[in-house]
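Here is how the chains run, residue by residue.
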Amino acid sequence: MEMRSKIKFFKILSGVIISVIGIIKLQNRYLDRIYRERKIANRNHALYLMMNSWLILEQKRKSFAEYFQNHNYNKIAIYGMSNMGERLYDELLGSNIKIEYGIDKNAKRIFTDLKIYEPRDELKEVDVIVVTAINYFDDIRDELSKKINCPIISIKEIIDEIFLSL
C-alpha cells in the first residue's frame, strides 16, 4: 500500500509542477505582450505630442523653411518617407529649401517624384539630413554618420527649437 501512495503522490506532484510551469509560461507570454504593447503606445504617444507641437507651430505661422534658412541648410535629405516625411516634404515644397532626396528602408515601395534611397545606398552630400523616424533616431544617426559627413538631426529637435523661439 505504501508504494501505491508514493506513486499517487508523485503523480499529483508532477501534475502540480507541470501546471505551475504552464502558468509561468503563460504569465511570461502575457508580460511580453504587455511590454510590446506599452512600447508601441509610448512610441505613438511621442508621435502624437510631436504632431501636436507641429500643429501649434503651423497655427502660429512658424515654418520649417525659416528654420533651415536660419541654419544655412539649403539642401536637405529626409530620412523616413512615411507619413511624417511626406508632411515635411509637402511643407517645404515651394520654399527656397531644396529637398535633394529621401532615405527609407522601404525605398522600393515608395512612389513619389522625389528620389528615394535606401540607407545602405551611396548618399549625395547635403547640408543636413532630417530624420522623421523619431523613435529610432539614435540608431539612424549612428548608421548614417558612418557614411555621410553632414549634420543629422531629428525633426523633433527642429520642432522643439522652433517652439522655444515662440
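The structure we're discussing is the one just above.
Caption draft 1: Molecular detail of the packing of helix α1 (residues 2-59) against helix α5 (residues 155-164). Packing of α1 against α5 leaves a shortest axis separation of 10 Å and a crossing angle of 45 degrees. Between α1 and α5, the crossing angle belongs to the class labelled oblique. Seen from above, α1 lies across α5 with left-handed handedness. Along the contact surface, α1 presents M50, S53, W54, I56 and L57, while α5 presents I155, K156, I159, I162 and F163. Classifying every residue of the contact of α1 with α5 gives eight nonpolar, one polar and one charged.

Caption draft 2: Expanded view of helix α4 (residues 137-145). F137, I140 and L144 are the residues of α4 that are buried. The buried residues of α4 occupy an angular sector of 65 degrees when the element is viewed end-on, so they sit on one face.

Caption draft 3: Summary view of the sheet that holds strand β5 (residues 152-154). Spatial ordering of the open sheet is given by β3-β2-β1-β4-β5, a layout of five strands whose pairing is parallel. Two strands lie at the open edges of the sheet, namely β3 (116-117) and β5, each paired on one side alone. The pairing of strand β1 (residues 75-79) with strand β4 (residues 128-131) spans four bridges and is classified as parallel. If you follow Y79 over to β4, its bridge partner there is V131.

Cut-offs and rules
- Residues numbered from 1 in each chain as written.
- Predicted model: local features only at pLDDT ≥ 70, side-chain atom pairs only at ≥ 80, totals over all residues.
- Heavy atoms only, no water.
- Axes fitted to C-alpha atoms, helices over the stretch in contact; angles between N-to-C directions.
- Helix = DSSP H or I, 4+ residues; strand = E, 2+ residues; numbered from the N terminus.
- Parallel < 35°, antiparallel > 145°, perpendicular 65-115°, else oblique.
- Left-handed = near helix turned anticlockwise from the far one by under 90°.
- Contact = heavy atoms within 4.5 Å.
- Nonpolar A, V, L, I, M, F, W, Y, C, P; charged D, E, K, R; others polar.
- Buried < 20%, exposed > 50% of the residue type's maximum accessible area, 1.4 Å probe, protein only.
- Arc of directions from axis to C-beta.
- Pairing = 2+ DSSP bridges.

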